[in-house]
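One-letter residues, chain by chain:
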Amino acid sequence: MLTDGVPLTDHHCHGVVAADLDRPGFEELLGEGPRGSFDSSVGLAVRRWCAPILDLPPHVAPDEYLTRRAELGWREVSARLLRATGTTRWFVDSGYGTDNLAELTGGTVREIVRLEHVAERVIAESGTPATLFDDIDALTTVFDQIEAALRDRARYAVGLKTIVAYRCGLDFPLVDAPPAAVLPSRRLTDKHLLGWLVGVGARIGAELGLPLQVHTGFGDADLRLQRADPLLLTDFLRATAQTGLTVMLLHCWPFHRKAAYLTHAFPHVRMDLGLTIPYVGHRTSAVLAETLELVPFRSLLYSSDGYGLPELHYLGARLWRNGLGKLLDEWIAEDVITGADAEQLITALANGNAERAYQI
Amino acid sequence: MLTDGVPLTDHHCHGVVAADLDRPGFEELLGEGPRGSFDSSVGLAVRRWCAPILDLPPHVAPDEYLTRRAELGWREVSARLLRATGTTRWFVDSGYGTDNLAELTGGTVREIVRLEHVAERVIAESGTPATLFDDIDALTTVFDQIEAALRDRARYAVGLKTIVAYRCGLDFPLVDAPPAAVLPSRRLTDKHLLGWLVGVGARIGAELGLPLQVHTGFGDADLRLQRADPLLLTDFLRATAQTGLTVMLLHCWPFHRKAAYLTHAFPHVRMDLGLTIPYVGHRTSAVLAETLELVPFRSLLYSSDGYGLPELHYLGARLWRNGLGKLLDEWIAEDVITGADAEQLITALANGNAERAYQI
Amino acid sequence: MLTDGVPLTDHHCHGVVAADLDRPGFEELLGEGPRGSFDSSVGLAVRRWCAPILDLPPHVAPDEYLTRRAELGWREVSARLLRATGTTRWFVDSGYGTDNLAELTGGTVREIVRLEHVAERVIAESGTPATLFDDIDALTTVFDQIEAALRDRARYAVGLKTIVAYRCGLDFPLVDAPPAAVLPSRRLTDKHLLGWLVGVGARIGAELGLPLQVHTGFGDADLRLQRADPLLLTDFLRATAQTGLTVMLLHCWPFHRKAAYLTHAFPHVRMDLGLTIPYVGHRTSAVLAETLELVPFRSLLYSSDGYGLPELHYLGARLWRNGLGKLLDEWIAEDVITGADAEQLITALANGNAERAYQI
């Protein structure tokens, strides 16, 4: 397959759970809820593609898979699956869970700084929110501290990220100044505060050449999916079009065609399918085809969004290789593209576009 | 084909018209409007798949089809088409049209109670709405009568159903108490009243173990399709997640990927493609493939939503068998799934998931 | 291929640039922005399909393509590409750019009158907007002049068109009378004024039998794509359903399934894929298949929306032939449709539906 052996830059992922997992624990991380997530496209893909990495035949039963997984231990399983991805660079969102990809793979790890995580830590360290948000001077100080903390963290990072989709939705207001009054909360949900925070991230990102990743599309049950529609970012994208910022739309499904439109309309916008790929399994080829209808070839990146289970990192890579490989084989057979152009396209999507966007 | 011979539980359908139909009458029921609905995917499917059941060659011209249909008479045509579906259980929404599936097929028929239908009948029997809605005591009595009537009907039913999508849209408010004042109308359109009614249905459903079916996605021209987007139910689904209620999203197209996300995020939510399948015809395989990207395999059910024309019941079944069979043949050929797992999946979708959800 | 040689009616397009173009100029018109638009589906399609029309091998490099293009000169290139479309009738939206298709092709050219263009010219000729919009009598006079100008232009036209999607979105208010006060502007953006203008267009169209084209779905970066969702037209379509007006939804992607629903629900609504086809390239077959799930076969038309580059006109035609031909070959092979019915369908989509809708 044309995509075999091409090294990947996984521009958005997380660490893996450093513990052995029972079946409910494994299924909880694989799907939503502790039972039954093997009965799904991602479950079929684990049995088909991960089993051989653990020396098992393809399509092995879930319990046999988990028995073998326990036998090898999480460290060996993680090392095998992560290395089998063929990823040479991992850009890790450290705002959630552990970061152990460097030690398990020997690959290069770079950090993505999550805006909300940094801001919430500054607020937590500044005293109780109830006191804090009553006092306008204290509030101003905290806002300054948040920006300072972000600038500090950004110096070592390769990119920034916002999960504003989970908090107030992607139609946050574009505000230059932080709000004078906000509801006290350790968890940022105020849309004006979030709008300001994303604005600060956009400003720092433009200054330092750090792309700003934005969660869009599906995720877990905390989300109102309609508020994660990337089209809600249109005003933000217009406002940042000439600032030098690069915006990365993550995941995008089932709005991947809309996201592709945004990358077509705005040259500073890029996208990936991230989390989508492990979950849609064998349908990766079809979802990639829909995305490639409009996305400029320079504007599509690879990520796994792997979190917790190294199976997700591996499926991200394996299914991306299978899906893109199958699609391009068809395109070559139907004389849509030449073999040479297809190879160039694969390299761009696998790591070239990330190298250019993240300036590495 | 793997799907041949598998008995179906049609968990959402209606009776057929007990009369012979001329061409305008037939086309009116097949599409929207009295002319031309043969020139469409569903029209091609009638000619291709229903014609042989009436002893005609495939692809026969519409007029020949209707001549033969008249010759056999509606009763014989209905019995042939309905029996050819291979359906052993019919769950009938009796709120609309006649219910004659038991006499025509000999299959088991169970009732789905439509909330709006019961409520509107209680209101109609309580005097003129204008008087009624002026008198707060009378109104309270009517609300009590509506709940009592629903409880009474629910005792013999296998499920409940709401068509709130047609009335105020799926973003109805979540209200515990009925409103103190509503506009007088025999046809319920007040969103607070509807929100209360759906809440009562959800409560009764949770208590008695009756799934609540919700019309989502496309239907006839009475609909504002954007208000039938199942994502508008997110708050309702959160509110009912821990109550024991099962929610069934019906039809879903063109929002079937969003519906699949909801079934992935909420274990108490199920979906079907219902009405979609007869209408998209040969595209059933593609729409099923999009749905199976994310829907847990336990959360997808079969229905035809057949109404009026037994052709719709038959196409629901025939195209579902063709489409799912074709899809799974491809998956087996591409080593996505084993033959044994594919057979289990078919049984689950055909009737197993309905048996578990409806506790039969 | 079944679609070869069928003459096309291009019911929505524009003229071509009457000048030779350098690479930035060419890429600007091909995509959004002056660099890199060759690296996309439409870029691959130019190299694959347009190159041979200029005596080059398929898949030639962009610079070679542009060198040959310059060598032949814009007039020869345009004549070759436009003639190679097999289009016999061009309906040209003259509100934007030059109209030179008649002289370049010898085909029949008819005019589509753009409502906003006429209205803005009348306003510009009536004095400064600031003065005008302060004086209620002057304003009334201008509204009368706009309607008179539209009626005058309509006498020679084959259809009307609105780009209200670009101005205030498709959820414009339905208003019978023009507003008493509007913000002064040479560019119409006031939603009440636009609502009135579209209403005038709908009235004139119904009276004179001129279809009203409505831009929906993707376009350039001026657009808020979510405001171009054709479902936002639902109230307008209900209001015009019985007036005799025909409404043409243009382009529609990525809302083509929703547009197909509208054509299914409302017999007076038609749609095309227009601009979509050159841009999605080899995916035309897939997008057509999604559209044909629900669109009545009488309600789908052909257009290229070609603008500026004759490559877009040619790709519109070539990819439509390829995509529809491939799809129908598959349908015939899978016994979905007979060869005779497929040929009828092609003729309807290529020109028959346009002939009927535009009464030519």
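Since the structure is predicted, the reported quantities are computational estimates derived from the model, not experimental observations.

Assigned secondary structure in chain A consists of 16 helices and 8 strands. Rg of the C-alpha trace for chain A: 21 Å, near the compact-globule value of 21 Å for 360 residues, within the 12% margin. For chain A, the C-alpha atoms occupy an extent of roughly 65 × 45 × 35 Å along the three principal directions. Residue burial in chain A is summarised as follows: out of 360 residues, 63% are buried. Counting only contacts in chain A whose residues sit at least 6 apart along the sequence, the fraction spanning at least 24 positions is 70%. Here chain A displays about 12100 Å² of accessible surface, and carbon together with sulfur accounts for 50% of that area. Taking the 34 positively charged and 46 negatively charged side chains of chain A as two groups, their mean positions are separated by 1 Å.

Cis peptide bonds are those with omega within 30 degrees of zero, and the linkage from Trp253(B) to Pro254(B) qualifies with 0 degrees. When you line up the elements, Pro254(B) lands in the loop between strand 6 (247-251) and helix 12 (256-265). Even without a glycine there, the phi angle at Asp55(A) is positive, about 65 degrees. Within the secondary structure layout, Asp55(A) lies in the loop between helix 2 (41-50) and helix 3 (62-72). For Asp335(B), which is not glycine, the phi torsion reads 60 degrees and is therefore positive. Relative to the assigned elements, Asp335(B) resides in the loop between helix 15 (310-333) and helix 16 (339-358).

Time to look at the side chain of Ser299(B). As for its position among the elements, Ser299(B) is in the loop between helix 14 (284-291) and strand 8 (300-301). Apart from residues lying up to four places away in sequence, Ser299(B) is in contact with Thr263(B), Val269(B), Arg270(B), Met271(B) and Asn353(B).

Once the charged atoms of two side chains with opposite charge are near each other, the side chains can pair. Following the criterion strictly, the structure yields 81 salt bridges over all chains and no others. Notably, a salt bridge pairs Arg80(A) with Glu76(A), separated by 2.7 Å at the nearest N-O pair. With a gap of 4 residues between them, Arg80(A) and Glu76(A) both fall in helix 4 (residues 74-84), about one helical turn apart. When its relative accessible area of 23% is taken as the criterion, Arg80(A) is described as partly exposed. Of the charged contacts in the structure, one is a salt bridge between Asp235(B) and Arg224(A), with a shortest N-O distance of 2.3 Å. Residue Asp235(B) is located in helix 11 (residues 234-240), and its partner Arg224(A) is located in the loop between strand 5 (212-216) and helix 11 (234-240); the two belong to separate chains. Judged by relative accessible area, which is 30%, Arg224(A) ranks as partly exposed.

Residue and element names in this part refer to chain C. Considering the arrangement of structural elements, one finds Asn322 in helix 15 (residues 310-333). On the accessibility criterion, Asn322 (15% relative accessible area) is buried. Separated by 320 residues in the primary sequence, Asn322 and Leu2 place their C-alpha atoms 9.3 Å from one another. Beyond its immediate stretch of four places on either side in the chain, Asn322 contacts Met1 and Trp49.

As a further point, take the relation of the copies chain C and chain B. With an RMSD of 0.0 Å, the operation that places chain C on chain B is a rotation of 120 degrees combined with a shift of 0.0 Å along the axis. Look at the turn and shift together and you get a three-fold axis relating the two. The position closest to the rotation axis in chain C is occupied by the C-alpha of Ala286(C), lying 5.9 Å away. Different-surface contact between copies: only 4% of interface residues of chain C are shared with the interface of chain B.

This paragraph deals with the interface of chain C and chain B. Counting residues at the interface gives 27 residues for chain C, matched by 31 residues for chain B. At the boundary of chain C with chain B, total buried surface from both sides reaches about 2600 Å², with 54% on carbon and sulfur atoms. Of all residues in chain C, the largest losses of buried area upon contact with chain B belong to Arg257(C), Tyr261(C) and Glu293(C), amounting jointly to 24% of the total for that side. At the boundary of chain C with chain B, the tally comes to 14 residue pairs in polar contact (both at pLDDT 80 or more). Looking at the side of chain C that touches chain B, the elements with two or more residues in it are helix 11 (234-240), helix 12 (256-265) and helix 14 (284-291) of chain C. Considering each element in turn, the side of chain C that touches chain B owes the most residues, 5 residues, to helix 12 of chain C. Split into classes, the residues belonging to the side of chain C that touches chain B amount to 14 nonpolar, 3 polar and 10 charged.

So, on to helix 1 (residues 23-30) of chain A. For an α-helix the count is 3.6 residues per turn, leaving residues at separations of three or four pointing the same way. All names here are of chain A. Where helix 1 is concerned, the buried positions are Phe26, Glu27 and Leu30. Looking down the long axis of helix 1, one finds its buried residues gathered within 95 degrees of arc, a one-sided arrangement. Of the surrounding elements, those touching the buried residues of helix 1 are helix 2, helix 3, helix 13 (276-280) and helix 15 (310-333). Between the side-chain oxygen of the N-cap and the backbone nitrogen of Gly25 there are 2.8 Å, and the N-cap of helix 1 in question is Asp22.

A separate point is the nonpolar core. Grouped burial of nonpolar side chains is what soluble globular proteins tend to show. Tyr65(A), Tyr65(B) and Tyr65(C) are the most contacted members of the largest nonpolar core, which has 330 residues in total. With residues up to four places along the chain from it excluded, the contact list for Tyr65(B) reads Phe26(B), Val46(B), Cys50(B), Ala51(B), Leu54(B), Leu56(B), Val60(B), Leu81(B) and Glu311(B).

Another point: the sheet that holds strand 7 (residues 269-272) of chain A. Residues and elements named next belong to chain A. Strand order in the open sheet formed by 8 strands is 1-2-3-4-5-6-7-8, with parallel pairing between adjacent strands. Of all strands in the sheet, those bounded by a partner on one side alone are strand 1 (8-13) and strand 8 (300-301). Relative to strand 7, strand 6 (residues 247-251) runs parallel, the two sharing 3 bridges. Of the residues in strand 7, the one forming a bridge with Leu249 is Met271. In this fold helix 10 (residues 191-208) packs onto strand 4 (157-162) and strand 5, with an angle of close to 155 degrees to the strand it touches most, strand 4.

Let us now look at the interface of chain A and chain B. It is common to give the size of an interface as the accessible area that goes away when the parts come together. If you look at the interface, chain A gives 31 residues, while chain B gives 27 residues. On the chain A side of the contact with chain B, Leu44(A), Trp253(A) and Arg283(A) bury the most area, a combined 20% of that side's loss. Counting every contact that joins chain A to chain B gives 6 salt bridges. Put simply, Arg257(B) and Glu290(A) hold a salt bridge, and the shortest N to O gap is 2.9 Å. Where chain A meets chain B, there are 14 residue pairs in polar contact (both at pLDDT 80 or more).

This next bit is on the packing of helix 12 of chain B against helix 14 of chain B. Packed helices, taken two at a time, are described by the angle their axes make and the gap between the axes. Residue and element names in this part refer to chain B. Contact geometry for helix 12 and helix 14: axes closest at 8 Å, N-to-C directions at 35 degrees. Note that helix 12 runs across helix 14; the crossing there is right-handed. On the side of helix 12, the interface is formed by His256, Arg257 and Ala260, while helix 14 contributes Val287, Glu290 and Thr291. Here the residues of the contact of helix 12 with helix 14 sort into 2 nonpolar, 2 polar and 2 charged.

On to the packing of helix 15 of chain C against helix 16 (residues 339-358) of chain C, then. Residues and elements named next belong to chain C. Relative orientation of the contacting elements helix 15 and helix 16 amounts to 155 degrees, with a least axis distance of 10 Å. As summarised for this structure, helix 15 and helix 16 are arranged roughly antiparallel, according to the angle between their axes. In this structure, helix 15 meets helix 16 at a crossing whose hand is right-handed. Packed against helix 15, whose contacting residues are Trp320, Leu324, Leu328, Trp331 and Ile332, the element helix 16 presents Gly339, Ala342, Leu345, Ile346, Leu349 and Ala350 at the interface. Partitioned by chemical class, the residues of the contact of helix 15 with helix 16 number 10 nonpolar, 1 polar and no charged.

Now for the relation of the copies chain A and chain B. With an RMSD of 0.0 Å, the operation that places chain A on chain B is a rotation of 120 degrees combined with a shift of 0.0 Å along the axis. Little of the interface of chain A is mirrored in chain B: 3% of its interface residues are interface residues there too.

Once that is clear, we can look at the side chain of Ser303(A). Residues and elements named next belong to chain A. Note that Ser303 resides in the loop between strand 8 and helix 15. Ser303 sits in the buried class, given a relative accessible area of 1%. Looking at Ser303, its side chain comes within polar contact range of the side chain of Asp272, at 2.9 Å. Look past the residues within four positions of Ser303 in its chain and what remains in contact with it is Asp10, His11, His12, Asp272 and Gly274.

Parameters and conventions
- Residues numbered from 1 in each chain as written.
- Chains lettered and ligands numbered in written order.
- Predicted model: local features only at pLDDT ≥ 70, side-chain atom pairs only at ≥ 80, totals over all residues.
- Heavy atoms only, no water.
- Helix = DSSP H or I, 4+ residues; strand = E, 2+ residues; numbered from the N terminus.
- Rg over C-alpha atoms; globule rule 2.2 N^0.38 Å.
- Buried < 20%, exposed > 50% of the residue type's maximum accessible area, 1.4 Å probe, protein only.
- Contact = heavy atoms within 4.5 Å.
- Areas by Shrake-Rupley, 256 points an atom, 1.4 Å probe, with all protein chains shown as cover.
- Lys, Arg positive; Asp, Glu negative; His and termini not counted.
- Charge placed at Lys NZ, Arg CZ, Asp CG, Glu CD.
- Salt bridge = Lys/Arg side-chain N within 4 Å of Asp/Glu carboxyl O.
- Least-squares fit on C-alpha atoms with pLDDT ≥ 70 in both.
- Buried area = accessible area lost by both parts, 1.4 Å probe.
- Polar contact = N/O pair within 3.5 Å; in protein donor to acceptor, adjacent residues only side chain to side chain.
- Nonpolar A, V, L, I, M, F, W, Y, C, P; charged D, E, K, R; others polar.
- Arc of directions from axis to C-beta.
- Core = buried A, V, L, I, M, F, W, Y, C linked by side-chain atoms within 4.5 Å.
- Pairing = 2+ DSSP bridges.
- Axes fitted to C-alpha atoms, helices over the stretch in contact; angles between N-to-C directions.
- Left-handed = near helix turned anticlockwise from the far one by under 90°.
- Parallel < 35°, antiparallel > 145°, perpendicular 65-115°, else oblique.

Purely geometric stuff here, so don't read any function into it on its own.
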